Amino acid sequence: SNEDIQKLAEICRKTYKEKKDINHEDCTSKDGGFEGLRFINQHNTYIHKKLDEFFSNKEIDLFLNNILGENYKIWTINYRIAAQNDRGLSLHQDSYGETNLSILLEDNLIGRGSTNFIPGSHLINTSLKIKIPLIFNKLIKPFYKILTGKRGQVSLFFNKTWHGRVSNNSKKNY
């Protein structure tokens with residue numbers, strides 16, 4: 001529901017504000033992003049309930065079973081804030097079998113600080129195990145798509161897809 005998304009966004013923003021000054025690699029990446037679910041109380045009943053409701057939803061369960069197989073495993077759940085003035089993240093591939101599921105907690109219709117990916121690149125059978133430096137993002141821009149959407153929308157992609165993050169050159173965290 002809209003209220004649930006708002007409450008999850010508030011919890012994430014509160015955690016970010018409390019932890020953003022810590023220059024520790026566990027919460028602030030060198031490129032300006034912030035991943036912080038691990039700092040939310042692990043026994044947060046509200047978050048556990050909402051995640052359980054989300055993954056127990058028959059439509060979502062059917063969707064994930066069809067895409068990932070009946071024995072899929074949720075390995076990690078985190079949230080990411082694209083901090084203001086975030087430079088972005090180089091295009092890269094992650095491990096085979098990993099899948100990224102995102103729930104937007106803010107409207108981001110322009111895609112500031114959003115995931116970008118090269119459509120169809122998950123079909124390439126080889127992993128190159130390299131990162132494409134950020135300086136090449138402008139040259140590659142015609143080939144990638146930027147994830148945009150409204151608060152509450154869900155996206156899913158295979159992490160073997162070439163993906164990264166575009167810069168957030170605004171004064172707002174996304």
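This text goes with the structure placed above it.
Model, not experiment: these values are computed from the prediction.

Would you mind going over the packing of aromatic side chains with me for this structure?
Geometry of an aromatic ring pair is reported as the spacing of the ring centres plus the angle between the planes. This structure, assessed with the given rule, holds two aromatic pairs. Note on Phe-54 and Phe-55: the rings are 5.0 Å apart at their centroids and 90 degrees apart in plane angle, and the pair reads as edge-to-face. Of the two residues, Phe-54 and Phe-55, both sit in the buried class. Arranged with centres 5.7 Å apart and planes meeting at 15 degrees, the rings of Phe-117 and Phe-157 form a pair that is stacked. One end of the pair, Phe-117, is in strand S5 (residues 115-117); the other, Phe-157, is in strand S7 (residues 154-158), with 40 residues separating them in the sequence. Residue Phe-157 is classed as buried on the basis of its relative accessible area of 9%.

Mind showing me how you'd approach the nonpolar core here?
Nonpolar side chains tend to gather and get buried jointly when the protein is soluble and globular. The biggest cluster of nonpolar side chains holds eight residues, and these are Ile-5, Leu-8, Ala-9, Ile-11, Cys-12, Tyr-46, Ile-47 and Leu-105. Put simply, the parts of the chain that give this core at least two residues each are helix H1 (2-19) and helix H2 (45-56). With five residues, H1 is the largest single contributor of residues to this core.

Help me understand a nonpolar patch on the surface in this model?
A cluster of nonpolar side chains, namely Phe-63, Ile-67, Leu-68 and Phe-158, defines an oily patch on the protein surface of about 310 Å² accessible area. Among the elements that take part in the nonpolar patch, helix H3 (residues 58-68) stands out by supplying three residues, more than any other. Looking at the secondary structure, you find Phe-63 in helix H3.

Looking at this model, I keep getting lost on the pattern of salt bridges. Mind explaining?
Considering all chains together, one arrives at three salt bridges under this definition. Arg-165 serves as the salt-bridge partner of Asp-86, at 2.7 Å between the closest nitrogen and oxygen. Note that Asp-86 is positioned in the loop between strand S2 (80-82) and strand S3 (89-92) and Arg-165 in strand S8 (residues 163-165), a separation of 79 residues in sequence. A relative accessible area of 2% places Asp-86 in the buried class. Residue Lys-172 pairs with Glu-106 through a salt bridge whose shortest N-O separation is 3.8 Å. With Lys-172 in the segment after S8 and Glu-106 in the loop between strand S4 (99-103) and S5, this pair connects stretches of sequence that are 66 residues apart. A residue is classified by how much of its surface remains accessible, and Lys-172, at 39% relative accessible area, is partly exposed. When its relative accessible area of 22% is taken as the criterion, Glu-106 is described as partly exposed.

I tried to follow the pairing of S7 on my own but got confused; where do I start?
One face of the sheet, then the other: side chains in a regular strand alternate in exactly this way. Only one face of S7 is covered, namely the one carrying Ser-155 and Phe-157; the face carrying Val-154, Leu-156 and Phe-158 has none of its residues buried. Summarising the sheet, S4 and S7 pair through five bridges and their orientation is antiparallel. Along S7, the bridge assignment pairs Leu-101 with Leu-156.

What counts and how
Residues numbered from 1 in each chain as written. Predicted model: local features only at pLDDT ≥ 70, side-chain atom pairs only at ≥ 80, totals over all residues. Heavy atoms only, no water. Phe/Tyr/Trp six-rings, centres within 6.5 Å; stacked < 30°, edge-to-face > 60°. Buried < 20%, exposed > 50% of the residue type's maximum accessible area, 1.4 Å probe, protein only. Helix = DSSP H or I, 4+ residues; strand = E, 2+ residues; numbered from the N terminus. Core = buried A, V, L, I, M, F, W, Y, C linked by side-chain atoms within 4.5 Å. Patch = residues over 30% accessible without salt bridge, like charges linked within 9 Å, V, L, I, M, F, W, Y side chains within 5 Å. Areas by Shrake-Rupley, 256 points an atom, 1.4 Å probe, with all protein chains shown as cover. Salt bridge = Lys/Arg side-chain N within 4 Å of Asp/Glu carboxyl O. Pairing = 2+ DSSP bridges.

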